[in-house]
Amino acid sequence: MSVEAVLSRISEIRSQIDTLRGGSAAAASSSSSAAATSASSSAFADALATATGSTGTGTTTTTAAAAATTGSAPATSVDAGAGTLATGSGATGSDVVADAKKYLGVPYVFGGTTTAGMDCSGLVQTVFKDLGVTMPRVVPDQAKMGVEVGSLKDAQPGDLIVPKGEGHVVIYVGDGKVLHAPRPGKDVRIVDNWYSDADIATIRRIVPAQASATPAPTATTAASSATDLQTAALLSMMQTGSAA
């Protein structure tokens, strides 16, 4: 139902209410009626704006409008944190693996963070930067980010494995394999994981392993929501009228 149709219906309902209250609406002058209708429209618009989170002109906020246009929330750059998953970018563990594979063959360069060359922690920082997640630069700091995974059997693609001594970091890609930038003279590659639980200082999960499933709204749900908003706006107007 369009806003104009809703406003028209609200006006009819208010007229019926006024008639039941003793015909006070009939006694009012045409100019007063016009003012009341304008006030009703304004009150409804305000109530509807409050219920939907839109601006006073009935226009949704820029972020909401953008999300509605694209069909998804805009990507958000986030900082990785200790003890928490970085969910703001929407990236998952599989995204980490997919992005890291873009750098296969890049030569190892100590301190490097580009396709001209990168070291192990530079690779990790660059991959997460690509996904909108800010990570520290060096391994000891990276080893504190995200949430800890108990053991290798619980590791998921995209998790970071840091050996004891925190002198290296690798990205677990699944099936017992890891992706890393090994050492000078080597390039970024995927190899069989050679670490055991006894060798590992920590396994860190920086982003969710999988995307959370969010069911799409049905037509029935959308219609029910629209009806609820109209009802809420009408009740707000009636309460305002009673208080006056």
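Residues numbered from 1 in each chain as written. Predicted model: local features only at pLDDT ≥ 70, side-chain atom pairs only at ≥ 80, totals over all residues. Heavy atoms only, no water.

## A short note on the overall build of the chain
Along the chain, the regular secondary structure elements total eight helices and ten strands. Going through the 244 residues of the chain one by one, you find that 32% of them count as buried. (Helix = DSSP H or I, 4+ residues; strand = E, 2+ residues; numbered from the N terminus. Buried < 20%, exposed > 50% of the residue type's maximum accessible area, 1.4 Å probe, protein only.)

## Quick word on the pairing of strand β6 (residues 160–163)
Residues of β6 alternate between two faces, with Leu160 and Val162 on one and Ile161 and Pro163 on the opposite face, all of them buried. Relative to strand β7 (residues 170–174), β6 runs antiparallel, the two being bridged by two bridges. For Leu160, the partnering residue across the bridge sits in β7 and is Ile171. As judged from the four bridges shared by β6 and strand β10 (residues 200–205), these two strands associate in the antiparallel manner. Its bridge partner lying in β10, Leu160 is registered against Arg204. (Pairing = 2+ DSSP bridges.)

## Brief notes about helix α6 (residues 120–130)
Among the eleven residues that make up α6, eight are buried, leaving the element largely enclosed by the rest of the structure. Burial in α6 covers these residues: Cys120, Ser121, Gly122, Leu123, Val124, Thr126, Val127 and Phe128. Once α6 ends, the next one or two residues include Gly132, with phi positive near 85°.

## Here's the deal with the packing of helix α5 (residues 93–100) against α6
One way to put it is that α5 packs onto α6 with a least axis distance of 9 Å and a crossing angle of 115°. Crossing of α5 against α6: the hand is right-handed. Residues Val96, Asp99 and Ala100 of α5 lie in contact with α6, whose contacting residues are Val127, Phe128 and Asp130. (Axes fitted to C-alpha atoms, helices over the stretch in contact; angles between N-to-C directions. Left-handed = near helix turned anticlockwise from the far one by under 90°. Contact = heavy atoms within 4.5 Å.)

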